[in-house]
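# Fold and contact review
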Amino acid sequence: MNDMLIHNKQIAIVGGGPGGLTLARLLQLKGANVKVYERDTDRFARVAGSPLDMHPDSGMAAIKKAGLVEELKQNYRAGADRKVIVDEHARVFFSDHDEQATEGSFNPEIGRMELRNLLLNSLQHETVIWDSHFISMEPQGEGWLLHFKNGVSAYADIVVASDGANSKIRPYITDIKAFYSGITMVEVNVPDAATAAPHIFNLLNGGKVMAFGNGKCILGGQKGEGSLGFYTSLKIAEDWAKTSGLNYNHPQQLLQWFKTEYAGWDEVWGEIFAHAAAPIIPRPIYCMPLDQTWQALPNATMIGDAAHVMPPFAGEGANTAMYDALQLSENLISADYSTLRDAIAAFEADMRMRASASAKRSLENGERMHSEGALQKMLAIFGGNH
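Here the structure is a predicted model, which means the values were calculated and not measured.

In this section: the overall build of the chain. Counting its secondary structure elements, the chain contains 13 helices and 17 strands. Here the C-alpha atoms of the chain give a radius of gyration of 21 Å, agreeing with the 21 Å that 2.2 N^0.38 yields for 386 residues. C-alpha atoms of the chain, sized along the principal axes, occupy 60 × 50 × 35 Å. Residues counted as buried form 53% of the 386 residues belonging to the chain. Considering only contacts in the chain between residues 6 or more positions apart, those separated by 24 or more positions represent 72%. Of the roughly 17,200 Å² of accessible surface on the chain, a fraction of 49% belongs to carbon and sulfur atoms. A distance of 2 Å separates the average location of the 34 positive side-chain charges in the chain from that of its 45 negative side-chain charges.

All right, on to the environment of F313 then. Checked against the element boundaries, F313 lands in the loop between α10 (305-308) and α11 (317-331). Residue classification places F313 among the buried residues on the basis of a relative accessible area of 8%. For F313 and E367, which are 54 residues apart along the polypeptide, the C-alpha to C-alpha distance reads 9.4 Å. Sequence-distant contacts of F313, defined by excluding residues within four places in its chain, comprise I183, M185, L219, S233, S362, N365, G366, M369 and H370.

Strand order in the open sheet made by the seven strands is β5-β4-β13-β14-β15-β12-β16, with mixed pairing throughout. Strand pairing shows two members of the sheet lacking a second neighbour, β5 (92-95) and β16 (277-287), which therefore form its edges. When the angles between neighbouring strand axes are averaged without regard to direction, this sheet yields 20°. Pairing of strand β4 (residues 83-87) with β5 involves three bridges; the strand directions are antiparallel. Each residue of the ladder has a partner; that of V86, found in β5, is V92. Here helix α13 (residues 374-382) sits on the sheet in contact with β4, β5 and β13 (208-213), set at roughly 155° to β4.

With respect to topology, three strands assemble into an open sheet ordered β8-β9-β10, the strand pairing being antiparallel. One side of each edge strand has no neighbouring strand; the edge strands of this open sheet are β8 (134-140) and β10 (153-156). Each strand of the sheet is rotated relative to its neighbour by a mean of 25°, with strand direction disregarded. Here strand β9 (residues 143-148) runs beside β10; their pairing, made up of four bridges, is antiparallel. When the sheet's bridge partners are listed, L146 is paired in β10 with A154.

With 12 residues, helix α1 (residues 18-29) ought to run about 16 Å at 1.5 Å a step, and its terminal C-alpha atoms sit 17 Å apart, in line with that. Across the 12 residues that make up α1, a large majority, 10, are buried. Within α1, burial applies to G19, G20, L21, T22, L23, A24, R25, L26, L27 and Q28.

Parameters at a glance
- Residues numbered from 1 in each chain as written.
- Predicted model: local features only at pLDDT ≥ 70, side-chain atom pairs only at ≥ 80, totals over all residues.
- Heavy atoms only, no water.
- Helix = DSSP H or I, 4+ residues; strand = E, 2+ residues; numbered from the N terminus.
- Rg over C-alpha atoms; globule rule 2.2 N^0.38 Å.
- Buried < 20%, exposed > 50% of the residue type's maximum accessible area, 1.4 Å probe, protein only.
- Contact = heavy atoms within 4.5 Å.
- Areas by Shrake-Rupley, 256 points an atom, 1.4 Å probe, with all protein chains shown as cover.
- Lys, Arg positive; Asp, Glu negative; His and termini not counted.
- Charge placed at Lys NZ, Arg CZ, Asp CG, Glu CD.
- Pairing = 2+ DSSP bridges.
- Axes fitted to C-alpha atoms, helices over the stretch in contact; angles between N-to-C directions.
- Expected span 1.5 Å × (residues − 1).

Structure follows, in structure tokens:
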């Protein structure tokens, strides 16, 4: 281990998602001076999204290196990784609920809030600076002076962008922008689902569902406190969310839209919108160019969606971000590099290659899942009656 590259350096991580918090934990284990600047007012400010599936060679590898496997075992959701694959009439063609886990395998699903709290609790006191909405930064000496919406400024020798798909730091590193994948997902959350949406709740049975029909799909899963989270997913114009005229705070409007757009789907799916919590959130899905490249800086880099946003259809987003954190932390204390620029350049080259492969799989899966015959194609991957 060679910590000379980061010795006496102040590292600023902008964004307290899985990637940013994992990086902070790994760097602190190496003795680095780290601050995480997060725009949320506190750890409870954000509504939790769908659970995350920790993949063995990426997310779990980072968790192991961070020394947090036991903590994860205490917080993961047993059975949440089980899935059913159904058609538009909710007929089950595949289920792995009765399968026995492979000996030695541990690919857990964990809620986003549980993962966030697990990582936050592993950090040194006052590592995270809450209510720090990044606005801009400017060169100062060999580092950067960061400015936040609350009027506070802070200096850092090294800045790591972990601020998501709409990163405000990325433009300081590259002007390459993401492209629209052709697919928009509509996020719907159903509280108290056992009562509000009993048929769908029983279909999921504590796990996940993938439904395919007529070139469209619905993806859903169990969340915390008895709620379910769903994404209707379809090919539609990039500006649809802005031009549809729908009020996303009125689920009944979205229910009528769903009945029209998903004509031919069984009425049981209407439970999702009929009892949805407002707001319902449209999410156009973007992807960075697979061949993106840029010149490395000696004092700034990026991880996760800020670096390589991709569609969610391979389940790689958070896993890739956490593996980015692992690789960057290793490079910053590696004896293989004589300068920070060299360490960052090597990390970014490897990251782009890994992320491009994951994004390609995600794009291909997206096309497959929204095509005619999607059910048969997905069953061919997972197995089942077809």
